[in-house]
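Below, each chain spelled out in residue letters.
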Amino acid sequence: MTTKFYLICTFLYGICSVAKAQDIFTTADSLFMSGKFLSARVAYERVLFTNDEPAARFAAALGKARCLKQESLYASAVTFLNTQIQTDYADSLLYQLRHEQILCAYLAGQFENTLSLIERLPYLHPDVSETPLLMAVQVLALNELQRWNEAAIAYRALAIHVHADTTHLNPYQQLPHLKSEKKAQLLSTFIPGAGQLYAGKPGEAALSIVVQSAGLYFGITSFLQSYYLSAWGIGAGLFGSFHMGGVRRAQILVKQLNQKRASTFNVQTRKQVLELVK
Amino acid sequence: MTNFHYWLLLVTIEFLTIPALCQTTSFSQEWKFAHYLSDKEATDEATFVLQAFDKQSLTDSQRDSVAYLTGWLAYREKLLSEASDHLLAVSPSSPFYLKSRYFGAYCLAFQRQYDSTNAIMQHLPVPDSTLLELRAFEQGGLALLQRQYERYDTLRQHFSYSSYALSAEEKRMDAYRLGLQSRKHRSPVLAGLLSAAIPGLGKVYAGKSKQGIAAFLPVLTMGLLAWEGYRKDGPASLRFLGFGSLFTVFYVGNIWGSTLAVKVRRDEFNRGYDNKILFDMHIPLRNLLSR
């Protein structure tokens, strides 16, 4: 009789606890659905605070991470998931949290961290095979870091994994041609405007040539008319200033050009990579 | 099943279900939750929980607890004005009074409200000898911020230089005192006169040697160009008038700049020391009270 009594008490306690946790979850989920992400975060944290059940804690952790993602607080999501990965979840749950963390790290622009987290997965979860989504994220992170040769290998692995034909659609067959900043500086040092021309800015090249020539012309004519101080103070001063400015400008222009080319290439590649994992 | 068992069962049911159904959570639970969030550095969430309290329905001690945690979160987010407002609102009966008072006073000092800080620091609670020394240290720091050296000398008599949490900062505070007092007074008028005699010399005198050299070169160049125009083309020539005007602008500007340089250098010096003093006032607070 006494055993029955204790069993009833335990059952009732269990029912109430589950009902309470379910209630908080329902509230949190409805807040999330209605776009009240901060309130939803608090509700999910309440589950983490009150509940010891791994399944409930895992769902709450994932819920909070989703809220942070919706609010574009990707870096905060990475940090938060890091604290959750420390706790004693089952291996399958930990894998899901790590998976989510990798996505958040990529969205936060932490490309080195993304790659590091992806590389750790086979050691931490040797039984789980690579997913196409994570393979795609790896390709995209490598692209952003301009490690295109490694990205090409990862892209081929992804294409094979999803049984896609890469012979016609391989974007890495033609990598963006990046120009040398040093070369631009050298060209502008010895030939005024040449660095700007190399960077694909003929207008700026012409302007650089005109202003430097004007300084030089003024210096020479002043010197020939025996205005030595004017030749030095204005002619040489103007020429020197515009020359040094031209060299620096050429470097900046090449840098901007390279960024633009890399960005264009990455945008095109991203589309193709996402097509593969659709 | 005996009557006792039935009774116990009913009590258990009541105990478990009523709170769940009514969805009421006590202040203590909510406050613990907010504290847990604060410890996790989930500041937005903790602030949200604290803001949800109905302030009217709280007791005085509950209001104190909320004010303390709200102030602490604001302090951690470096919202010092908000932090001092909340921390200094905590009443003496609260267990958080001591910590709130010290940190609230520090937040005020950081906002350069020295008179208010001084008034609060004079009445900071000192339950033991360590905190007595801490109070003297904080007041000493404030005296240095106000450049009241005699007051600092009086307060530093309470420094033991042996407390683990204070000794290094006490020694550094003494060094700041010496550094502040050894600063040489620079006159803006003298800086201007020096730059009038030799362009750029006033800035060197103010302690900005590189700026002095940088100011000397354009003034010299303009002067030479004006002289060349005068010598070759005469005083009525466009070359002389143009370069002469430019020279005058650069020359006068340099004199004006030299007088300002003295003030700029003095402000930089003071700001540098103020930051060091405030930083060192902060370390013992964190070590002794940040629990």
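Per an unreviewed UniProt entry, the recorded name for chain B is DUF5683 domain-containing protein, and the organism is Spirosoma telluris.

Within an unreviewed UniProt entry, the label attached to chain A reads Tetratricopeptide repeat protein, and the organism entered is Spirosoma telluris.

Engineer: Would you explain the overall build of chain B in this entry?
Structural biologist: Within chain B one finds 14 helices and zero strands. From first element to last, N terminus to C terminus, chain B shows the α and β order α-α-α-α-α-α-α-α-α-α-α-α-α-α. Its C-alpha atoms give chain B a radius of gyration of 32 Å, more than 25% over the compact-globule value 19 Å for 291 residues. Summarising its shape, the C-alpha atoms of chain B cover approximately 125 × 50 × 30 Å along the three principal directions. The burial tally for chain B puts 46% of its 291 residues in the buried class. Nonlocal contacts in chain B, meaning residues at least 24 apart in sequence, comprise 61% of its contacts between residues at least 6 apart.

Engineer: Is there a simple way to think about a nonpolar patch on the surface in this case?
Structural biologist: All names here are of chain B. A cluster of nonpolar side chains, contributed by Ile198, Leu201, Val204, Ile213, Phe216, Leu217 and Leu220, occupies part of the molecular surface with about 570 Å² of accessible area. Elements that contribute at least two residues to the nonpolar patch include exactly α12 (201–206) and α13 (209–233). A per-element tally of the nonpolar patch places α13 first, with four residues. Its place among the elements puts isoleucine 213 in helix α13. Here isoleucine 213 falls in the exposed class, since its relative accessible area comes to 54%.

Engineer: Mind showing me how you'd approach the domain arrangement of chain A here?
Structural biologist: Interfaces are often sized by the amount of accessible area the parts lose when they come together. Taken as a whole, chain A is organised into domain 1 (23–121) and domain 2 (181–267). On a C-alpha basis, the centres of domain 1 of chain A and domain 2 of chain A stand 53 Å from each other.

Engineer: In this structure, what is going on with the UniProt feature "transmembrane region" (unreviewed entry) in chain B? I would like to understand it.
Structural biologist: Under the UniProt annotation, the feature "transmembrane region" (unreviewed entry) is placed at residues 213–230 and 236–256 of chain B. Taken as a whole, residues 213–230 of chain B contains 100% helix and 0% strand, while its terminal C-alpha atoms sit 26 Å from one another.

Engineer: What exactly am I supposed to notice about the pattern of salt bridges here?
Structural biologist: Pairing between side chains of opposite charge can happen when their charged atoms approach one another. Evaluated as defined, the whole model comprises 23 salt bridges over all chains. Between B:Arg172 and B:Asp280 there is a salt bridge, with the nearest N and O atoms lying 2.7 Å from each other. Here B:Arg172, found in helix α10 (residues 167–181), pairs with B:Asp280, found in helix α14 (residues 238–289); they are 108 residues apart in sequence, far enough to count as distant. Residue classification places B:Asp280 among the buried residues on the basis of a relative accessible area of 1%. Residues joined in a network through salt bridges with shared partners are A:Arg41, A:Glu45, A:Lys64, A:Glu71, B:Lys40 and B:Glu45.

Engineer: Help me understand the domain arrangement of chain B in this model?
Structural biologist: Residues and elements named next belong to chain B. Once the domains are mapped, chain B shows domain 1 (1–120), domain 2 (126–182) and domain 3 (188–275). A straight line from the C-alpha centre of domain 2 to that of domain 3 covers 43 Å. Each partner contributes to the interface: domain 2 provides five residues, whereas domain 3 provides four residues. Here domain 2 meets domain 3 over a buried area of about 430 Å², counting both sides, of which 57% is carbon and sulfur. On the domain 2 side of the contact with domain 3, Leu145, Arg147 and Leu180 bury the most area, a combined 69% of that side's loss. For the pair domain 2 and domain 3, the number of links is one salt bridge. For the salt bridge of aspartate 274 with arginine 147, the shortest nitrogen-to-oxygen distance reads 2.9 Å.

Engineer: Can you help me understand helix α11 (residues 188–197) of chain B in this one?
Structural biologist: An α-helical turn contains 3.6 residues, so any two residues separated by three or four positions project in the same direction. Residue and element names in this part refer to chain B. Among the residues making up α11, those that are buried are Ala191, Gly192 and Ser195. Axial view of α11: buried residues confined to an arc of 100 degrees, hence all on one face. For α11, exposure combined with an orientation more than 90 degrees from the buried face picks out Val189, Leu193 and Ala197. Buried-residue contacts for α11 involve α12 and α14. Residue serine 187 occupies the N-cap position of α11, its side-chain oxygen lying 3.2 Å from the main-chain nitrogen of valine 189.

Engineer: Explanation requested: the environment of B:Tyr102 in the structure shown.
Structural biologist: Residue and element names in this part refer to chain B. Tracing the backbone shows tyrosine 102 in helix α6 (residues 97–110). Between the C-alpha atom of tyrosine 102 and that of alanine 143, which follows or precedes it by 41 residues, the distance is 16 Å. Residue contacts for tyrosine 102: discarding those within four places in its chain leaves Leu124, Pro125, Val126, Leu131, Leu134, Arg135, Leu285 and Leu289.

Engineer: So what exactly am I meant to see when it comes to unusual backbone geometry here?
Structural biologist: Negative phi is the rule for most residues except glycine; trans is the rule for most peptide bonds. All names here are of chain A. Even without being glycine, serine 72 reaches a positive phi, approximately 60 degrees. The residue serine 72 is located in the loop between α3 (54–70) and α4 (74–85) in this model. For glutamine 146, which is not glycine, the phi torsion reads 60 degrees and is therefore positive. Mapping glutamine 146 onto the fold places it in the loop between α7 (132–144) and α8 (148–161).

Engineer: Looking at this model, I keep getting lost on the packing of aromatic side chains. Mind explaining?
Structural biologist: The geometry of two aromatic rings is summed up by the distance between their centres and the angle between their planes. For the coordinates displayed, the defined rule picks out 24 aromatic pairs over all chains. For the ring pair A:Tyr172 and A:Phe265, a centre distance of 5.7 Å and an interplane angle of 70 degrees mean the geometry is edge-to-face. One end of the pair, A:Tyr172, is in the loop between α9 (166–169) and α10 (181–190); the other, A:Phe265, is in helix α13 (residues 228–277), and 93 residues separate them in sequence. Taking the relative accessible area as the measure of exposure, A:Phe265 reaches 7% and is therefore buried. Aromatic pair B:Trp72 and B:Phe103: ring centres 5.0 Å apart, planes at 85 degrees, arrangement edge-to-face.

Engineer: In this structure, what is going on with the packing of helix α2 (residues 37–50) of chain A against helix α2 (residues 27–39) of chain B? I would like to understand it.
Structural biologist: Think of two packed helices as two axes; the pair is described by the angle between the axes and how far apart they sit. Close contact between α2(A) and α2(B) brings their axes to 11 Å; oriented N to C, the two are set at 100 degrees. Considering the angle they form, α2(A) stands roughly perpendicular to α2(B). Residues A:Val42, A:Glu45, A:Arg46, A:Leu48 and A:Phe49 of α2(A) touch α2(B), and the partners they reach there are B:Gln29, B:Glu30, B:Lys32, B:Phe33, B:Tyr36 and B:Leu37. Of the residues belonging to the contact of α2(A) with α2(B), the class tally is six nonpolar, one polar and four charged.

Quick notes on the rules
- Throughout, residues of each chain are indexed from 1 in the direction in which the sequence is written.
- Key to labels: chains lettered from A, ligands numbered from 1, both in the order written.
- Local features in this predicted model are restricted to residues of pLDDT 70 or higher, and side-chain atom pairs are both shown and tallied only at a pLDDT of 80 or more, whereas totals for entire chains, interfaces and linings draw on every residue.
- By convention in this description, side-chain values take in all heavy atoms of the structure and omit both hydrogens and water.
- Only DSSP runs of H or I with at least four residues qualify as helices, and only runs of E with at least two residues qualify as strands; both kinds are numbered from the N terminus onward.
- Our radius of gyration is a C-alpha quantity, and the globule rule it is checked against amounts to 2.2 Å times the number of residues to the power 0.38.
- Accessible area is worked out with a 1.4 Å probe on protein chains only. A residue is then buried under 20% of its type maximum, exposed over 50%, and partly exposed in between.
- By the convention used here, residues are in contact when the closest approach between their heavy atoms is within 4.5 Å.
- Nonpolar side chains (Val, Leu, Ile, Met, Phe, Trp, Tyr) within 5 Å and like charges within 9 Å form the patches, drawn only from residues with over 30% relative accessible area and no salt bridge.
- With residues, only the protein chains shown are counted as cover, and all accessible areas are computed by Shrake-Rupley using a 1.4 Å probe.
- Each reported salt bridge corresponds to a side-chain nitrogen of Lys or Arg within 4 Å of a carboxyl oxygen of Asp or Glu.
- In this document the domain limits rely on a domain assignment from an automatic tool or a database.
- UniProt positions are given in the numbering used here, feature names are shortened, and annotations may be inferred rather than shown by experiment.
- When two components associate, each loses some accessible surface as probed by a 1.4 Å sphere; the sum of these losses over both components is called the buried area.
- Working definition: the arc comes from the directions between the helix axis and the C-beta atoms, pointing outward to the latter.
- A 3.5 Å cut-off defines polar contacts: any pair of N or O atoms within that distance qualifies, except that in protein one atom must be a possible hydrogen donor and the other a possible acceptor, and neighbouring residues in sequence count only when both atoms are side-chain atoms.
- Between the rings of Phe, Tyr and Trp (Trp by its six-membered ring), a pair exists once the centres lie within 6.5 Å; its type follows the angle of the planes, with under 30 degrees stacked, over 60 edge-to-face, and the other angles tilted.
- Axis lines are fitted to C-alpha atoms, over the contacting stretch for helices. Their N-to-C directions set the angle, which ranges from 0 to 180 degrees.
- An angle below 35 degrees is read as roughly parallel, one above 145 as roughly antiparallel, one from 65 to 115 as roughly perpendicular, and any other as oblique.
- Amino acid classes used here: Ala, Val, Leu, Ile, Met, Phe, Trp, Tyr, Cys and Pro are nonpolar; Asp, Glu, Lys and Arg are charged; the rest, including Gly, are polar.

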